[in-house]
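Chain residues, written in single-letter form:
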Amino acid sequence: MTSEGKPRGYIQPAKLEEVWFHTGTSCNLSCPFCLEGSKPGDDRIQFLLFEDARPWIDEAVELGVEKFSFTGGEPFVNPHFPRILDYALDRRPCLVLTNATDPLLNRMDKILPLLEKPNPLSFRVSLDHPDPERHDASRGKGNFRKALDTLGRLHRAGFGVSLARLASEFPDRAYLPFLEEAGLPPDIRIVTFPDLKLPGENPEVPEITENCMTTYLDREKREAFMCNFSKMVVKIDGRVSVYACTLVDDDPDFDLGESLAEAMEKRVMLKHHRCYSCFAFGASCSER
Ligand code: SF4
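A brief look at the structure comes next.

Analysis parameters
Residues numbered from 1 in each chain as written. Predicted model: local features only at pLDDT ≥ 70, side-chain atom pairs only at ≥ 80, totals over all residues. Heavy atoms only, no water. Near = heavy atom within 4 Å. 1 Å grid on protein atoms, 1.4 Å probe; cavity = no way out; pocket = protein on both sides within 12 Å on 5 of 7 lines; lining within 4 Å. Sits in = over half its atoms within 2 Å of the grid points. Helix = DSSP H or I, 4+ residues; strand = E, 2+ residues; numbered from the N terminus. Nonpolar A, V, L, I, M, F, W, Y, C, P; charged D, E, K, R; others polar. Points joined across faces, edges and corners; volume = space filled by probe spheres on them.

### Digging into the site of the ligand
Part 1: Near the ligand you find Phe225, Met226, Cys227, Cys245, Leu247, Val248, Phe254, Val268, Leu270, Arg274, Cys275 and Cys278, and these make up its full shell.
Part 2: Here the ligand occupies the largest cavity.
Part 3: Residue assignment for the shell around the ligand shows that the elements contributing at least two residues are helix H10 (226-229) and helix H12 (273-281).
Part 4: Per-element accounting of the shell around the ligand gives the leading share, three residues, to H12.
Part 5: Its residues placed into classes, the shell around the ligand shows eleven nonpolar, no polar and one charged.

### Remarks on empty space enclosed by the protein
Part 1: Taken as a whole, this structure holds one cavity of 30 Å³ or more when the rule is applied.
Part 2: Here the largest cavity defines a volume of roughly 80 Å³.
Part 3: Taken together, 13 residues line the largest cavity, and the ones lying closest to its centre are Cys227, Cys245, Leu270, Cys275 and Cys278.
Part 4: Elements represented by at least two residues in the lining of the largest cavity include exactly H10 and H12.
Part 5: By residue number, the principal contributor to the lining of the largest cavity is H12, which donates three residues.
Part 6: Counted by class, the lining of the largest cavity contains twelve nonpolar, no polar and one charged residues.

Structure (structure tokens):
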């Protein structure tokens, strides 16, 4: 129930299409707005080991999952990540969210052979604003150009590519000159994130009732909530478990246990402040 005693809005998950893995909150950068609070050496969410990931990949495949995605932190900071990715790519298409700076560049010789895998690999690179100076103010001098060049290189090599940005006054078309410069397609997919606040923050937002879910959203919009078709595997305090989605790993109420099959049975009550971003702005990490 909401604080006013009304039935709270919820999602009853349908089919498991995507499984996301959190590779750990350690990152080579420390962007002040990071929705994961990632920074060098951070271990709020710990490095996922190959042995941690394998049973979940196997269970997901048994359940008919269509895709694996990986986020951090910066996945390529996790020394165990390449082995996890290699195993996952033998089974399903994979998406990696990356800042496309030194950790990825240092592994380029290991990444290029992944083009030969039976399933495709794509990368989503963060370019926060179509303004290099503003991007670099958070991510460090020169990192806009480095990420843009890496994105172009990955595209020319044959990997799928997309771009992640922050919501701002700039329209998507402001990226066009940079896309052209890097040899990237002008219609590259751009995923925009609203301000989701830092982990552990608790901004006041309207509560979502059952009535809100049916009055303001149609079936298609309800089905687009990530908790409807995806789950995320995380390692916290040495325990690997599955969370309702990629956005709520700072609230143990969204820890759905140690089995994907059981997690998909559980109704997700939309009580996290980020649930309101899904409801009001269609926030989603997925490229579905
Ligand atoms: S943040 Fe969004 S996807 Fe995650 S549980 Fe809430 S509504 Fe579902």
